[in-house]
Amino acid sequence: MKAYELLYFVDPATNEEQRAGAMKRIEVAVTTDGGTIDSVEDWGKRKLAFEIDKLTEGDYTLINFHADPTQIAELDRVLRINDAVKRHMIVRREDRD
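Residues numbered from 1 in each chain as written. Predicted model: local features only at pLDDT ≥ 70, side-chain atom pairs only at ≥ 80, totals over all residues. Heavy atoms only, no water.

Time to look at unusual backbone geometry. Of note, D53 is a non-glycine position whose phi angle comes to about 50°, a positive value. Along the chain, D53 turns up in the loop between β2 (36-52) and β3 (55-67). Backbone geometry places K54, a non-glycine residue, at a positive phi of 65°. Topologically, K54 is positioned in the loop between β2 and β3. (Helix = DSSP H or I, 4+ residues; strand = E, 2+ residues; numbered from the N terminus.)

This is the structure:
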């Protein structure tokens, strides 16, 4: 298992049910083949550097997890088809392996 970090944001106007649904899909994608979620940090609303989909703010969440590299493609696919997630970034953390 390798260490990864996922940072994503949703529209601040998104209701709590949709946010929980997005988080549940991420959790399932990570833990399906034995991956583990180490920590979840809710960063809250932050101003965007530039406008994305007519949004100037985003509600950010940071997730640290361990997973097999083969699971990352599936997680990326899940995040791309989720309408609640506006942007995401998955980074390998070699310092936490």
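As a further point, take the side chain of N64. Looking at where N64 falls in the secondary structure, it is placed in strand β3. The exposure class assigned to N64 is buried, which follows from its relative accessible area of 5%. Residues in contact with N64, not counting those within four places in the same chain, are Y4, E5, I37, D38, S39, E41, R93 and R96. (Buried < 20%, exposed > 50% of the residue type's maximum accessible area, 1.4 Å probe, protein only. Contact = heavy atoms within 4.5 Å.)

Bringing the pattern of salt bridges into the picture now. Taken as a whole and assessed by the stated rule, the structure comprises 7 salt bridges. With a shortest N-O distance of 2.6 Å, R93 and E5 are connected by a salt bridge. Taken together, the residues span a long stretch of sequence, with R93 in the segment after β4 (85-92) and E5 in strand β1 (residues 2-10) at a distance of 88 residues. Between R93 and D95 there is a salt bridge whose closest N-O contact spans 2.8 Å. The class for R93 is buried, based on a relative accessible area of 18%. Linked through salt bridges whose partners overlap, the residues forming this network are E5, R93 and D95. (Salt bridge = Lys/Arg side-chain N within 4 Å of Asp/Glu carboxyl O.)

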